[in-house]
Amino acid sequence: METDCNPMELSSMSGFEEDAQLNGFEEADMKDMKLEAEAVVNDVLFAVNNMFVSKNLRCADDVAYINVETRERNRYCLELTEAGLRVVGYAFDQVDDHLHTPYHETVYSLLDTLSPAYREAFGNALLQRLEALKRDGQS
């Protein structure tokens, strides 16, 4: 996922591994998916109509649910796990157990397949950022 920490940054996390071992955790890099989901939302909120972590569906260390409404006004419920993101429903807070959609490694990839307007908004934001960098470099 996009928010994985860089291995070089681990040295600045003093005591993290020791604390994890003291608390009985086998892996020091265990993630809280709700925090991961919030980071996903913050990354792409600018390019969709609405997006938020579900308050009605249970989040856990290994799964979180995100509701998204695209600029085309299509609503989806997304599941976030270590495997990636996938559509699990076509309404907010809806999980259809019979729906078997592919996982996407990133939210960008998933939204790129669901929303042409997302693709356009993302491209425009990137272009504006590049133009700003060019202006800053010329001054």
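We now turn to the structure provided with this report. All figures in this text were calculated on a predicted structure; none of them were measured in a lab.

Before going further, it helps to spend a moment on the packing of aromatic side chains. Under the counting rule described, the total for this entry stands at 5 aromatic pairs. For the ring pair tyrosine 118 and phenylalanine 122, a centre distance of 5.8 Å and an interplane angle of 35 degrees mean the geometry is tilted. One end of the pair is tyrosine 118 and the other is phenylalanine 122, both in helix α4 (residues 116-138) and 4 residues apart, which spans about a single turn. For phenylalanine 122, a relative accessible area of 33% gives the class partly exposed. Of the aromatic side chains, those joined through ring pairs into one cluster are Phe46, Tyr108, Tyr118 and Phe122. Above the plane of the ring of phenylalanine 92 lies arginine 75, whose end atom (NZ or CZ) is 4.2 Å from the centre.

Attention now goes to the sheet that holds strand β2 (residues 64-69). Strand order in the open sheet formed by 4 strands is β1-β2-β3-β4, and the pairing between neighbours is antiparallel. The outermost strands of the open sheet, each flanked by one partner alone, are β1 (50-53) and β4 (84-89). Here the average twist between neighbouring strands, direction ignored, is 25 degrees. Judged from the 5 bridges that link them, strand β3 (residues 75-81) and β4 form a sheet pairing that is antiparallel. Counted as the bridge partner of threonine 81 is glycine 84 from β4.

Procedures and definitions
- Residues numbered from 1 in each chain as written.
- Predicted model: local features only at pLDDT ≥ 70, side-chain atom pairs only at ≥ 80, totals over all residues.
- Heavy atoms only, no water.
- Phe/Tyr/Trp six-rings, centres within 6.5 Å; stacked < 30°, edge-to-face > 60°.
- Helix = DSSP H or I, 4+ residues; strand = E, 2+ residues; numbered from the N terminus.
- Buried < 20%, exposed > 50% of the residue type's maximum accessible area, 1.4 Å probe, protein only.
- Lys NZ or Arg CZ within 6 Å of the ring centre and 35° of its normal.
- Pairing = 2+ DSSP bridges.
- Axes fitted to C-alpha atoms, helices over the stretch in contact; angles between N-to-C directions.

Shape is all these values report; function is a separate question.
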